[in-house]
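# Coordinate analysis (summary)
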Amino acid sequence: LKDGVGSLIDAFRKQSQTHLDFSFAGDAETLLPDDIAACVYWVLKEALTNIQKHALAQYAEVRLQITHSQLELDVKDNGQGFQVPPLNQLTQENH
């Protein structure tokens, strides 16, 4: 996971005009099940892709924390958001 996340961060920094701060806390040697590590990788990849393609952000930050009992991935940016319709409207429209 550590190498994969590092590759994503490096690629984003090379391809994007958005300034990205990255921090890792915890035990980098904690072994995660392969399916969990893959999930974190793909969620982060999608988040960074969305920032690059849609957010028009000038700044983003990624914080990854891993302990023996918990994994926390936090991705934030200062880009433009979008309005999510209320849940009742989505269900009425069969989404």
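The structure this text deals with has already been given above.
Model, not experiment: these values are computed from the prediction. Numbering of residues starts from 1 in each chain and follows the order in which that chain's sequence is written. Side-chain atom pairs in this predicted model are given and counted only at pLDDT of 80 or more, local residue features only at pLDDT of at least 70, and totals for whole chains, interfaces and linings cover all residues. The basis for every side-chain value is the complete set of non-hydrogen atoms in the structure, without hydrogens or water.

## Some details on helix α1 (residues 2–15)
Think of an α-helix as turning once every 3.6 residues; residues three or four places apart then point the same way. Helix and strand assignments come from DSSP, with helices taken as H or I runs of at least 4 residues and strands as E runs of at least 2, each series counted from the N terminus. Here a helix's expected span is defined as the number of its residues, less one, multiplied by 1.5 Å. For α1, spanning 14 residues, the distance from its first C-alpha to its last is 20 Å, which sits close to the expected 20 Å at 1.5 Å a residue. Along α1, the positions that sit buried rather than exposed are V5, L8, I9 and F12. For α1, the angular spread of the buried residues around the axis is 95°, confining them to a single face. Counted as exposed and oriented over 90 degrees from the buried face of α1: D3, K14 and Q15. In what follows, residue pairs with any heavy atoms lying within 4.5 Å of each other are defined as contacts. Those residues of α1 that are buried are in contact with β1 (19–26), α2 (34–55) and β2 (59–66). Any residue under 20% of the maximum accessible area for its type is buried, any over 50% is exposed, and the rest in between are partly exposed; the area is computed with a 1.4 Å probe on protein chains only. Starting at the helix axis, one direction is taken to each C-beta atom, and the arc is that of these directions.

## A short note on the sheet that holds β1
The strand order β1-β2-β3 describes an open sheet built from 3 strands, whose pairing is mixed. Looking at the sheet topology across the chains shown, the edges are occupied by β1 and β3 (71–77). The average angle at which neighbouring strand axes cross in this sheet is 10°, direction not considered. Against the sheet, α1 engages β1 and β2, with an angle of about 165° to β1. Where helices are involved, their axes are fitted lines through C-alpha atoms of the stretch in contact, as for all axes, and angles between N-to-C directions lie from 0 to 180°. Against the sheet, α2 makes contact with β1, β2 and β3, and its axis sits at roughly 5° relative to β3, the strand it touches most. By definition, two strands form a pair when at least two bridges between them are found by DSSP.

## Looking at the nonpolar core
Counting 15 residues, the largest nonpolar core has I9, L20, L44, L48, I51 and V62 as its most contacted members. Of all elements in the fold, only α1, α2 and β2 reach the threshold of two or more residues within this core. The biggest single contributor to this core is α2, with 5 residues. We define the nonpolar core as a collection of buried residues of types Ala, Val, Leu, Ile, Met, Phe, Trp, Tyr and Cys that are connected through side-chain atoms lying within 4.5 Å of one another.

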